[in-house]
There are 4 protein chains.
Amino acid sequence: MPAATPPGRARSGNRRDEAARLAVLHAADDLLVEHGFGTLTIEAIARRAGVAKQTIYRWWPSKVEILLDTLVEDSAKRLPAGKPTADGVRDHLRAFARFLTADPAGRVLLALLAQAQHDPATAASLHERFLGPRRQRDLDLIAHAVDAGEIAPRLDPDVLVDALTGPIVYRALTGADVTDDLVDALVADLLGVTGRRR
Amino acid sequence: MPAATPPGRARSGNRRDEAARLAVLHAADDLLVEHGFGTLTIEAIARRAGVAKQTIYRWWPSKVEILLDTLVEDSAKRLPAGKPTADGVRDHLRAFARFLTADPAGRVLLALLAQAQHDPATAASLHERFLGPRRQRDLDLIAHAVDAGEIAPRLDPDVLVDALTGPIVYRALTGADVTDDLVDALVADLLGVTGRRR
Amino acid sequence: MPAATPPGRARSGNRRDEAARLAVLHAADDLLVEHGFGTLTIEAIARRAGVAKQTIYRWWPSKVEILLDTLVEDSAKRLPAGKPTADGVRDHLRAFARFLTADPAGRVLLALLAQAQHDPATAASLHERFLGPRRQRDLDLIAHAVDAGEIAPRLDPDVLVDALTGPIVYRALTGADVTDDLVDALVADLLGVTGRRR
Amino acid sequence: MPAATPPGRARSGNRRDEAARLAVLHAADDLLVEHGFGTLTIEAIARRAGVAKQTIYRWWPSKVEILLDTLVEDSAKRLPAGKPTADGVRDHLRAFARFLTADPAGRVLLALLAQAQHDPATAASLHERFLGPRRQRDLDLIAHAVDAGEIAPRLDPDVLVDALTGPIVYRALTGADVTDDLVDALVADLLGVTGRRR
DNA sequence: AAGTAATCGAGACGGTACGTCATGTCTTAGC
DNA sequence: GCTAAGACATGACGTACCGTCTCGATTACTT
């Protein structure tokens, strides 16, 4: 039966095992959500993923990079680019707030932001692979909205991004909830919405 | 010579050794600043402080509580209450920004905020001993300034506190600098300064 | 009851735990006999002894030194000094042959002699702690027997010791048995027994 | 140019590669002499021989068998059969002593004899491929010399072989030197040389 | 003044996880 | 069908800290 699924252990060979890669990412994600970063050890990930420790060390330099991989993949799915309108910016921030507080992948971001305080290498990776690109996208979004005459913020764009993102992240970090009302209030106060949209 | 200082090891006895307590706090602080939270172990603190491990375990339930002790003591010295004027609020935030980015004790706060993401017990302690009291003092300060007619914010006080604190903390967390200009811009945009000021 | 055995866990403190020391020695001995040197790992010894790995590393630099400890202690019990007579030398060698082939501690000696081929450090330790002293005792025994006129070997003492020990060890190493008859034949041929004997 | 030596990697095909076989044997031999048995790993042999690990596993069941191959090939070259005279036996033993102490292949024999203590499979292979045949040749040599009236040993041939071989091997195992004088003394004392010699 | 109690430095203990290495099995792909 | 290359599960290595414990010395409060 040439086309049948090979019985038992059937992958492996000379090339990277995609199944193992995914098993590691999912195991890391699950363990983080279930037991927190503190007990998230390489050994536990390996056990949970049914993968050898060495397979993890072969492909990832640290558990932080595993989490970054999951963050980058998950955030790409869950955080689509916003439209350059006042509503678009508001929805973009609402989605980010929900991501941080309700999505497992948001827990990953908070954990990495935390770990970055303890470890410069984590800080560098996090900036390069997530924070930097995201900030650039936010800046672009705002610039486009300004160009379109949708918003007229009084603050410098570089400050504005942090004035919007900072409170949301800070609330998430301190365990407070981040409601749509809160996001809307920030948007209303900082964006200088023009025209018909209140 | 019966009254002479005994050579070598000389105190100890029935009461808590204040010198040991201070040695532990300073050792923890120093090690955090020098090598980061990652390598901050109880054993390293004990070594650096010249104290037995058990002496630490007798008085502190975890290294987090050691850091909280240093944070509470240091922040009381470095973060005096602000005056309920527009300038007072501005200075208060400027001092907080400087504390976070330039003061060793600020590094402790960032480390604890980070650790709180990994460990609920840290989160609880940090709220109870630092974040809660500080937020209350911020709310009081703002309320007094509003009562005095110094400021007229459009945002709800509870949101306002995070709108001011959040960006500062977020910048510190991401390693960006927090200039007086940035603080001033936030203050100007969010506080609705009245009267002679601006 | 002041003389009673302390209840529960009663050892430890800042002094070495004799129970742990013995547990390690016995575990090593047992595992060697049961499964051989190849599977004798520090981890297995720790598991079997119910002891932490670090406790082993604290006191022994390698598994070889553990075995040497058991060898030295056991051989002292099982290999009493012989009397400086022709019969004494014969009994001494018979006991050694039995030790090598039938006694678990003899297995330890063969394993160490083997390991010494693979590792110079083992060779050095084995000489210092066992082979050297034993050779000296053999030389003394022979010298006394010669002085007493009990034996009159034609070979130089230094050669004689190896001429007697070598065949016994070699037979043990190659898995052959070492009978009393074989020992007696060697003794008869090499010792030049004098006087009333034979 | 079809007949030219292909550049770079060039042989292979569907027959066993003799060059690879020799490379493995030499690599094993070299590594044993250079770094000892302890660091002699399959991976190291493969690296040194410039051969894939699997190529080794395909042809040899263990590193012991690799060494046995080198031992059998080398000892055939370096240990010619002795002549059935008193001098022949003496020269035979002198050559064996030199083989053990000075020849790399002798180191291989000692290593295998050692490994045989740790592993019954090694013991079996070593007996079958080296020790057994060699013992038989020794017995034959002695029997012929006795028949020829060259020697008249008092010991049983089976004991005699070990009485001659044992001390030499034992000295080699314990790192002592094995001089011609020592061999000659043993021969003189055990062989009962007759006739014109001595 | 003797006894009691809590402190301290020291460090051994049973554990868990670390990151590295070698094992022997397997697959891919070139010749 | 052989080869080199190398991914994989397994498991031991020796190290670092964990948090608990026992020790012996020291010093203060009790009677």
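Residues numbered from 1 in each chain as written. Chains lettered and ligands numbered in written order. Predicted model: local features only at pLDDT ≥ 70, side-chain atom pairs only at ≥ 80, totals over all residues. Heavy atoms only, no water.

Caption draft 1: How the structure looks around the overall build of chain A. Counting secondary structure elements, chain A contains nine helices and zero strands. When the helices and strands of chain A are read in sequence order from the N terminus, they spell out α-α-α-α-α-α-α-α-α. C-alpha extents for chain A along the principal axes are approximately 65 × 40 × 25 Å. The proportion of buried residues among the 198 residues of chain A is 48%. Residue pairs in contact within chain A that sit at least 24 positions apart in sequence constitute 63% of those at least 6 positions apart. Carbon and sulfur atoms provide 53% of the accessible area of chain A, an area that totals close to 9900 Å². (Helix = DSSP H or I, 4+ residues; strand = E, 2+ residues; numbered from the N terminus. Buried < 20%, exposed > 50% of the residue type's maximum accessible area, 1.4 Å probe, protein only. Contact = heavy atoms within 4.5 Å. Areas by Shrake-Rupley, 256 points an atom, 1.4 Å probe, with all protein chains shown as cover.)

Caption draft 2: The relation of the copies chain A and chain B, seen in detail. Between the two copies, chain A and chain B, the superposition gives an RMSD of 0.1 Å; the rotation angle is 179° and the shift along the axis is 0.0 Å. What we have between these two chains is a two-fold relation. Looking at the interface residues of chain A, 100% of them are also at the interface in chain B, so both copies use one shared face. (Least-squares fit on C-alpha atoms with pLDDT ≥ 70 in both.)

Caption draft 3: Structural detail: the interface of chain D and chain C. Contact residues are listed per partner, giving 33 residues for chain D and 33 residues for chain C. Here chain D packs against chain C, burying approximately 2800 Å² in sum over the two surfaces, 63% of which is carbon and sulfur. The largest contributions to the chain D side of the interface with chain C come from Gln117, His118 and Tyr170 of chain D, which together make up 25% of the buried area. The tally of links between chain D and chain C comes to six salt bridges. Ionic pairing is found between Asp158 of chain C and Arg171 of chain D, a salt bridge with its closest N-O pair at 3.7 Å. (Buried area = accessible area lost by both parts, 1.4 Å probe. Salt bridge = Lys/Arg side-chain N within 4 Å of Asp/Glu carboxyl O.)

Caption draft 4: Representation of the protein's contact with DNA strand E within the structure. For DNA strand E, the set of nearby residues contains 45 residues, the closest of which are Tyr57 of chain A, Gly13 and Thr55 of chain B, Trp59 of chain C together with Glu43 of chain D. A share of 60% is what sugar and phosphate atoms reach among the atoms of DNA strand E within 4 Å of the protein. One of the backbone N or O atoms of Ala52 of chain B is found 3.0 Å from a phosphate oxygen in DNA strand E. Trp59 of chain C is positioned with one of its side-chain polar atoms (N or O) 2.5 Å from a phosphate oxygen of DNA strand E. Taken together, the residues that form the surface near DNA strand E break down as ten nonpolar, 19 polar and 16 charged. (Near = heavy atom within 4 Å. Polar contact = N/O pair within 3.5 Å; in protein donor to acceptor, adjacent residues only side chain to side chain. Nonpolar A, V, L, I, M, F, W, Y, C, P; charged D, E, K, R; others polar.)

Caption draft 5: Just the relation of the copies chain D and chain C, in detail. Between chain D and chain C, the superposition needs a rotation of 180° and an axial shift of 0.1 Å, giving an RMSD of 0.1 Å. When the interface residues of chain D are mapped onto chain C, 100% of them are again interface residues, pointing to one common binding face.

Caption draft 6: Spotlight on the packing of helix H4 (residues 63-78) of chain C against helix H7 (residues 120-147) of chain C. All names here are of chain C. Viewed as axis vectors pointing N to C, H4 and H7 meet at an angle of 20°, and their least axial separation amounts to 11 Å. Taken together, the axis directions place H4 and H7 in an arrangement best described as roughly parallel. As for how H4 packs across H7, the hand of that crossing is right-handed. Across the interface between the two elements, Val64, Glu65, Leu68, Asp69, Leu71, Val72 and Ser75 from H4 touch Thr122, Ser125, Leu126, Arg129 and Phe130 from H7. In the contact of H4 with H7, the residues fall into six nonpolar, three polar and three charged. (Axes fitted to C-alpha atoms, helices over the stretch in contact; angles between N-to-C directions. Parallel < 35°, antiparallel > 145°, perpendicular 65-115°, else oblique. Left-handed = near helix turned anticlockwise from the far one by under 90°.)

Caption draft 7: Expanded view of the domain arrangement of chain A. Residue and element names in this part refer to chain A. Parsing chain A into structural domains produces domain 1 (18-60) and domain 2 (65-191). The C-alpha-based centres of domain 1 and domain 2 are spaced at 27 Å. Taken together, the twelve residues of domain 1 in the interface contact twelve residues of domain 2. Contact between domain 1 and domain 2 buries roughly 1000 Å² in total, counting both sides, with carbon and sulfur atoms accounting for 76%. On the surface where domain 1 and domain 2 come into contact, there are one salt bridge. In this structure, Glu73 and Arg21 form a salt bridge, with 2.3 Å as the shortest nitrogen-oxygen distance. (Domains from an automatic or database assignment.)

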